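Tertiary structure, described
Read off the chains here:
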Amino acid sequence: MKTIQVVCSIIFLCLACSSVSFAADTIKIGALFSVTGPASFLGEPMRNTVQMVVDEVNKAGGVKGRKLELIVYDTSGDATKAVQLATKMIKNDKVVAIIGPNTSGESMAVIPVVEKEHIPLVSCAASIKITEPVKKWVFKSTPTDSLAVAKIYEHLQKSKQTNVALLTVSDGFGSSGREQLKALAGKYGIKIVSDETYGPKDTDMTAQLTKIRSSQAQAVICWGTNPGPAIIARNARQLGIKPPLYMSHGVSSKKFIDLAGDAAEGIRLSSGRALVAGMLPNSDPQKKSLQTFLKDYQNHFKAEGDTFGGHAWDAVMLIKNAIERGGDSPAAIRDQLEKARNFSGIGGVFNYSEADHAGLTKDAFVMIEVKNKGWTFAK
Amino acid sequence: MLRVNNVNTYYGKVHALKDVSLALGEGEIVTLIGANGAGKTTILNTISGVTPAASGEISFRSESVTALAPDRIVKLGISQVPEGRQVFKPLSVEDNLEMGAYLRYRSSEKTAAIHKDMDQVFRLFPRLEERRNQLAGTMSGGEQQMLAIGRAMMAKPKLLLLDEPSMGLAPLVVQEIFRVLERLRQETGMTILLVEQNAKAALKLADRGYVMETGKVILEGMADELMENAEVKRAYLGKEQKAAPGT
Amino acid sequence: MLEVSGISQVFGGVTALDRVSFTIAKGDITGVIGPNGAGKTTLFNIITGIYTQTAGKVLLGGADVSGLPPERLARLGLVRTFQNIELFGGMTVHENVMVGMHTKSSSGLLACGLKMPWNMAEERRIREHSLNWLDFTGIPDLADVTAGNLPFGKGRLLEIARALAVEPQIILMDEPAAGLNSQETLELAKLIQRIRETGITVVLVEHDMELIMDICDRIVVLNLGRKLAEGTPREIQDNHEVVAAYLGEDE
Amino acid sequence: MQFDQLLQYALSGLSTGAIYALIGIGFSIIYNATGIINFAQGEFVMLGGMLTLFFLELLKLPIWAAIPCAVAAATVGGILFERLAIRPLRQATPINLVIITIGGSILIRGLAMLLWGKDTHAIPPFSGDEPIAIGGATVLPQHLWILGITVIIIAINKFYFFHTISGKAMRACAYNRRAAGLVGIDVRRMVLFSFVISSAMGAVAGIIVAPLTMVAYDVGGMLGLKGFCAAIIGGMSSGISTVLGGLILGVLESLGAGLISSGYKDAIAFIILLLLLFLRPQGLFGKAESERV
Amino acid sequence: MKKELLKFGAFALLIMLAPLAFKGGYLMTVLVFVGINTMLSIALNLLLGYAGQISLGHAGFFGLGAYLSGVLTATYGWNPWLSMALAAVIVGIVAYLIGFPILKLKGHYLAMATLGLGIIIYIVFNETVDLTGGPSGLSGIPNLSINGITFDSDLKNYYLVWIFALLMVLFSLNLANSRIGRALRAVHDSEVAARVVGVNARLLKVQIFAVSATFCALAGSLYAHTMTFISPASFGFTFSVELLTMVVIGGLGSIYGSFLGAALLTLLPEFLRAAHDYDIIIYGGLLMVMVMYMPGGLVRGIPELYRKLLKSKGKTALKSEGGVEHA
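Okay, so let's go over this structure. (Residues numbered from 1 in each chain as written. Chains lettered and ligands numbered in written order. Predicted model: local features only at pLDDT ≥ 70, side-chain atom pairs only at ≥ 80, totals over all residues. Heavy atoms only, no water.)

It is worth spelling out the pattern of salt bridges at this point. Summed over all chains, the structure comprises 54 salt bridges over all chains. Between R273 of chain A and D284 of chain A there is a salt bridge, with the nearest N and O atoms lying 3.2 Å from each other. Taken together, the residues span a long stretch of sequence, with R273 of chain A in the loop between β10 (268-271) and α10 (287-301) and D284 of chain A in the loop between β10 and α10 at a distance of eleven residues. Considered together, R273 of chain A and D284 of chain A belong to a single accessibility category, that of buried residues. Among the salt bridges present, the one from E230 of chain C reaches R218 of chain C, with a minimum N-O distance of 4.0 Å. Here R218 of chain C lies in strand β9 (residues 218-223) and E230 of chain C lies in strand β10 (residues 226-231), a separation of twelve residues in the sequence. You can call E230 of chain C partly exposed: its relative accessible area is 29%. (Salt bridge = Lys/Arg side-chain N within 4 Å of Asp/Glu carboxyl O. Helix = DSSP H or I, 4+ residues; strand = E, 2+ residues; numbered from the N terminus. Buried < 20%, exposed > 50% of the residue type's maximum accessible area, 1.4 Å probe, protein only.)

Further remarks concern the packing of helix α12 (residues 255-272) of chain E against helix α13 (residues 279-293) of chain E. Residues and elements named next belong to chain E. α13 packs onto α12 with a crossing angle of 135° between their chain directions and a minimal axis gap of 10 Å. With respect to their mutual orientation, α12 and α13 come out oblique. The chirality of how α12 crosses α13 is right-handed. Judged by residue contacts, L265, L268 and L272 of α12 engage D279, I282, Y283 and L286 from α13. (Axes fitted to C-alpha atoms, helices over the stretch in contact; angles between N-to-C directions. Parallel < 35°, antiparallel > 145°, perpendicular 65-115°, else oblique. Left-handed = near helix turned anticlockwise from the far one by under 90°. Contact = heavy atoms within 4.5 Å.)

Take the interface of chain E and chain D next. A common measure of how large an interface is: the accessible area buried when the components associate. The partner chain D presents 45 residues to the 38 residues of chain E that form the contact. A buried area of about 3,900 Å², summed over both sides, lies between chain E and chain D, and 83% of it is on carbon and sulfur atoms. It is H108, Y109 and M112 of chain E in chain E that bury the most area against chain D; as a group they hold 21% of the surface buried on that side. Per element, the largest residue contribution to the side of chain E that touches chain D is twelve residues, and it comes from helix α5 (residues 107-127) of chain E. Split by residue class, the side of chain E that touches chain D holds 29 nonpolar, six polar and three charged. (Buried area = accessible area lost by both parts, 1.4 Å probe. Nonpolar A, V, L, I, M, F, W, Y, C, P; charged D, E, K, R; others polar.)

Given below as structure tokens:
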């Protein structure tokens, strides 16, 4: 028994010490990303980007003369941890706003915390549920998946492909996409003739594609994040699937082309403009932001910035702008976020309002096609 | 050739060997008899390094083998035919014999020499040759016993430890096995330490014998002397009830 | 009391027991002996429900109990000990015996977890009653020792105390003297006789012939899976077949 | 059309199943030699793929050189694992062994993540990726490589276990360690060997499958579990029954995905596994006598 | 007996007073989860440490409790307490029924079967999207409330969860020192001997499996009502493994050990956060080192370490004395 008491007191003491926070004259912004775990391919560029932006802002003199301080925690994709860490940032680190998490599940888990503690959250996850219905303290910078669905359906409608087959991954991203794909189909006169799923760790999707091949599908829509869609692209090529393959913005990075190789040719996807920044006309309002982001990222990390990092860029910039306009109290940031208009970021042009905390329209997306191992606008 | 001096061995908490000493000369056949649970098998396992001695000293050809691992002891020339045969049932007869010569293969001895020894085993046990490709597990108890002896011989041991070769076998089969042991002695002059419950058969074969009871050696002597000793029978069947009951 | 009739057991083609039959009378101490590999342990395992025989029947007090699992047999009053003593090594000596009273108590899992009043009363009864058996076997001072730390001889006594706590009608002991020194064996013999005096039938498988010959009323001899002989110790010692089976045949 | 579909399901299932089989045999070899279920087995599959990539991209070796290097390096990993984690264990209870191999698998995965990052990588196929038509179904050249190499590995295995002294010694050791010691077989050496063989086999599985499935630091987990399933279906044998176990699992998964429900395909595989364990715990092909309890 | 009660009293007091030390800091949140994990590891320890039966699928029962409670309240608007009770009963019955075939298996086969069971449950959570919300999770689960007090802050949740946890500790301690607990430990030490003295090992194992699952379901319900959001990812294979680790690291067969294990593994990430990406390696390495050098778990390992330290101190003291002599 004594040992137990000793151990307990040691543990509690350690924790008590580690929880002492140092007061400083900085503005603290929290960021929750799954830098490890299954969604780390999203979380890592996002964390990098946020860190980069904060460094750049501080180099340029900070916000209203005060430096930003970034507190980043890794949630490793675990909703329980996300909640703990969100509480930690709010209570111990006294952050004024939180960016992330980057998965829908974690974002949904964190929402009750920020709502209760009155801290603004700019989520970097896609699910429509995050901001619909609108929650007072919750915003989102990553475009809602329904917008991407709308963009693809619009494209299909134009090319008169009405029978589609769905192949979605059974994780948060895929199931949310699948929901939207099914919900919006009627509106665009699309008929879903086959609805298949695959597991995030699956290594062979020929069975699903074989089944799809025998359906009447005129197009196949795949909703997932790497590496699944790359395997699907290769499997589809192996099976000689004729209907064109559409992908979600979940694969909008160069990585997808690397992984899918030749099988990527001709695949269309809805994506933010980061992929095709160079091809945008100068009149495009986002061009300036895109070029800054891509240049900075290249300088910092010697790698190409992708749309995922871009969503985090938007989140920090939105918060930074809000602080500039209204001050650094959480309530002020929230109010200013809600008033953000015509902010041209990486993901699109944001217009938040009382009724809309997602801020984007389907024009945030463009249809892109893979050609010669590169991107072009899809016709 | 083999000296066991004041060895004590424990099985967990059981004090299985109490100050046991015995000795074997070159070319001798010595038997160790006694009722079950007397510690006969433990002695063999202690010599083989399976259950190391807690104290005492074992030397083989004036080299200490007390703390060696089983495979090192085999390498020095002591092979055991374990109680209950313990042949490798999923392996064929031939493979079992090859396993007996495992260390010889590892020291890259010529395959031809090993095969010659295998032929010798087959000469001793013609039944094994008939079944050389059969799985050991499908053979009868007697055949498995022959295989176990053959396997031990394949290591070309200088000293063979035999643990109850007659156990659970029908009398005819037991006779056959003892006949082979007799031949083995005539043909190779192998030194054998034989643990048996079947005291008559063992003493008939052996030169000398030790009698064990509850972990101790209680008698030793020439085989024919022991054969006549009433104490031997007592060790097996308890003291006679004829004399005043209740003592 | 206990009747074994026509028991055969075949393991993967090998016949370990071949039509063994005998009867054990109430209140007797019966010894089952035979050379190694004779099938004694197999027979024991069949009687106590650990193996199921290929053929034959086991009758306990006239009722057919063939194929019943050991826990059912314990409730019917048949209990055994093991050659290599099977104690509950992580528990105290006292607790070991308390487990022995499992069949003599009835609180369910929930009652135990919630400490219902009737459970408390029963617990007290088990606690006190079990001490009697430690007294009976002469190890009351070891009550709070962890069973795993007991010397072998005391472990043997504990195992017997635990078996007695079941309040059996018949107790089967598998080589109770194995691993004991002569002093301990002597005490064991006395203990077995005292057990018999309480009206419990005792069956022993034993290699210590002195013990067997001293205390048994009857002896059953097995060899090569068959029953070789049956009778009083005197008769067995004079039986030539038995002598031959042990010492080897005269040719 | 229906037949073509079935053929496609079967072919896809067979190639996935072949991988499960290779991993499953790795499980069985270690299990038979030591009684350990090595939960880190899947990590050697990952190491195979990642190391090949490492030798290909960072050291710029040609593929024919990168593969043996990767297998060798993964095998060294297996040896280290045995020496550092398994051998020093004081209380080798099954539970402790399960935990130590799980700990090992987390550690190996973590090291791979630090060394090579979290990205998924593609590995070029051994010989092009032009689909080949078989009946109404298509396969890739890599599928043929997978099946071919699996057959070769199994043949080598068979040869090793049935026709070499060291292989027979390992079987002897698996059957009866004590008797193996008595004929002079060094049991600890055989344990080490079992880790060598199964880590090498795991690595090969990881390499041949990588061009199809790509590699990342975390691919080992699920593949390892499926391999374990295959081994259980095969009754923990290190021979043909585990191969059949793997193939059956692969085909069932593929048929389950194609004919019943793609979402539940893993559940189907595991339900079959459970039924199998309930009805025939000795595996589909094991004899009733060799019951393992 | 008295000592046992005293121990528990001290433990309970420590738990009840702990919040005073933190004054509503974020650690309260973590301690809520320590409470939930303590319940889970006690549940698994009853099965593993007492009855000696492994399970790699306990996250599944945890999830079943959470989802039953979550769906009944969030979707069908049931009273949270009622749904919690129902969830516990249903999971208990399910475990009881499945226990008969599954606990016939032993060792690695049992591990595989429970693992499979856990994965099947996990897949069902993922696939029954209409009911569970699928991988995106289920939100809008109400907090528990009683007499107008709603358990919606960390402090309140702390007491809610820990009252349940302490009751479970008490129940388990009672059980361990009862005829059933002794019979279970007996089965663990020697199944055959336990059966021979009349313990129905099979039935007992199944019963304890059901109790263990019920505890998990209760913990799951509490988790759902404190988090107010659940998603399948929290109930996967990894979490089953984490639970197993808690039990083994804490100490098999020790209720307080379960608490230590749960506390260590829940708090560990807090300490490892400083190590950033290296945390996974440290975690894996620590697991291995613990099993190698503290195979009995913290509850036995720490006193042993303490004794060793004392001894080595004594030894060095002796040595130095010896040194003096020689000098």
